[in-house]
Amino acid sequence: MPLVELRNLTKIYNSGENEVRALSNVSLSISEGEFVAIIGQSGSGKSTLMNMLGCLDMPDSGEYLLEGENVATIPEETLAHIRNRRIGFIFQGFNLISSLNALENVELPLMYRGIRAKERFELAFSALSRVGIANRVRHRPSELSGGQQQRVAIARAIAAKPPILLADEPTGNLDSASGSEVMSILRDLHEEGKTIILITHDGTIASMANRIIRIVDGCVVDDTVS
Ligand SMILES: Nc1ncnc2c1ncn2[C@@H]1O[C@H](COP(=O)(O)OP(=O)(O)OP(=O)(O)O)[C@@H](O)[C@H]1O
Ligand SMILES: [Mg+2]
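What this report covers is the structure whose coordinates are included nearby. Just so we're clear, the structure is a prediction, and the values are computed from it rather than from any experiment. (Residues numbered from 1 in each chain as written. Chains lettered and ligands numbered in written order. Predicted model: local features only at pLDDT ≥ 70, side-chain atom pairs only at ≥ 80, totals over all residues. Heavy atoms only, no water.)

**A few points about the site of ligand 1**
Line of reasoning, step 1. What surrounds ligand 1 is the set Tyr13, Asn14, Val20, Ala22, Gln41, Ser42, Gly43, Ser44, Gly45, Lys46, Ser47 and Thr48.
Line of reasoning, step 2. Measuring from an oxygen atom of ligand 1, one finds a side-chain N or O atom of Lys46 at 2.7 Å.
Line of reasoning, step 3. Take Ser47: an N or O atom from its main chain is 2.9 Å from an oxygen atom of ligand 1.
Line of reasoning, step 4. Expressed as a share of its isolated accessible area of 640 Å², the protein-covered part of ligand 1 is 59%. (Near = heavy atom within 4 Å. Polar contact = N/O pair within 3.5 Å; in protein donor to acceptor, adjacent residues only side chain to side chain. Areas by Shrake-Rupley, 256 points an atom, 1.4 Å probe, with all protein chains shown as cover.)

Right, dumping it as structure tokens:
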């Protein structure tokens, strides 16, 4: 059973006169343990696709099966649960909370999950160590470089050990050295068995994945395993 399966997924914004077909009959499946890059130009529908995959938005038609279950039939409360436990999100803009230090940023989603202080600290500290930030855990985002902030965001995404990581342009705001560091962390996580879905417009970044799915104007035009 594929981990993720999309069947003829279509997403339309502003249906009517100014309608935009952001995704048009997208069908694809991703198995556990794959490292997939989804590549496309600005406006091609990448973030729309990521929002679907992350259960943050629903398609207008078609089906999304996550671990064999049709997402449209899952109640919102359960979906929130899935977003919290099964999927780790990494964004281009890091999305860290500026008033919290690195450790607190990583602990926050664990707190929402009701994990107690001691275990929370252990999970957060171990994730921060994993991405090489153990010596900066009391620093706030403004006291960290862009690459370090993104590593904190990766720590936040992996702390609860979700099997799937969804990353939307995770290197988009980074210089090439920090971008390479982030990609090498993602590669290591893949080797450890995580399923990684990486969204990018950058061919060099995409080439670090094991499979490249190209989208143009909301349609899958190429799907190549290397
Ligand atoms: N909330 C929205 N309302 C209306 N149109 C939208 C909305 N979000 C996205 N679109 C349109 O849908 C299309 C796909 O947008 P999307 O954000 O998925 O592209 P993208 O590939 O992520 O682009 P980028 O590389 O610039 O982030 C674009 O034409 C965009 O203008
Ligand atoms: Mg986008």
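**Let's talk about helix α4 (residues 117–130)**
Since the α-helix advances by 3.6 residues per turn, residues separated by three or four positions end up pointing in the same direction.
Line of reasoning, step 1. If you check α4, its first and last C-alpha atoms are 20 Å apart, about what 14 residues at 1.5 Å a residue would give, namely 20 Å.
Line of reasoning, step 2. Turning to α4, its buried residues are Arg120, Leu123, Ala124, Ala127 and Leu128. Summarising the axial view, the buried residues of α4 lie within an arc of 130°, below the 170-degree limit, and thus occupy one face.
Line of reasoning, step 3. Just past α4, the residue Gly132 takes up positive phi, approximately 75°. (Helix = DSSP H or I, 4+ residues; strand = E, 2+ residues; numbered from the N terminus. Expected span 1.5 Å × (residues − 1). Buried < 20%, exposed > 50% of the residue type's maximum accessible area, 1.4 Å probe, protein only. Arc of directions from axis to C-beta.)

**Overview of the packing of helix α3 (residues 102–112) against α4**
Packed helices, taken two at a time, are described by the angle between their axes plus the distance between the axes.
Line of reasoning, step 1. Running from N to C, α3 and α4 point in directions that differ by 130°, and their axes come no closer than 9 Å. As summarised for this structure, α3 and α4 are arranged oblique, according to the angle between their axes. In this structure, α3 meets α4 at a crossing whose hand is right-handed. Facing Ala102, Leu103, Val106, Glu107, Leu110 and Met111 of α3, the residues of α4 in contact are Arg120, Phe121, Leu123, Ala124, Phe125 and Leu128.
Line of reasoning, step 2. Split into classes, the residues belonging to the contact of α3 with α4 amount to 10 nonpolar, no polar and two charged. (Axes fitted to C-alpha atoms, helices over the stretch in contact; angles between N-to-C directions. Parallel < 35°, antiparallel > 145°, perpendicular 65-115°, else oblique. Left-handed = near helix turned anticlockwise from the far one by under 90°. Contact = heavy atoms within 4.5 Å. Nonpolar A, V, L, I, M, F, W, Y, C, P; charged D, E, K, R; others polar.)

**Digging into the sheet that holds strand β6 (residues 87–91)**
Line of reasoning, step 1. If you trace the six strands from one edge of the open sheet to the other, you get β6-β7-β8-β3-β9-β10, paired in mixed fashion. Pairing within the sheet leaves two strands with one partner each, and these edge strands are β6 and β10 (219–225). Here the strands of the sheet are splayed against their neighbours by 15° on average, with no regard to which way each runs.
Line of reasoning, step 2. Examined bridge by bridge, strand β3 (residues 35–39) and strand β8 (residues 195–200) share five bridges and lie parallel to one another. (Pairing = 2+ DSSP bridges.)

**Some details on the nonpolar core**
Line of reasoning, step 1. Membership of the largest hydrophobic core comes to 39 residues, with the highest contact counts inside it found for Leu128, Val152, Ile154, Leu186, Leu189 and Leu198.
Line of reasoning, step 2. Broken down by secondary-structure element, the contributors of at least two residues to this core are β3, α3, α4, α5 (146–158), β7 (164–168), α6 (176–191), β8 and α7 (203–206).
Line of reasoning, step 3. The element that contributes the greatest number of residues to this core is α5, accounting for six residues.
Line of reasoning, step 4. If sequence neighbours within four positions are ignored, Val152 has contacts with Leu96, Ala102, Asn105, Val106, Leu128, Ile133 and Leu144.
Line of reasoning, step 5. Counting 29 residues, the second largest nonpolar core, distinct from the first, contains Met50, Ile82, Ile87 and Ile215. (Core = buried A, V, L, I, M, F, W, Y, C linked by side-chain atoms within 4.5 Å.)

Keep in mind these numbers describe shape, not what the thing actually does.
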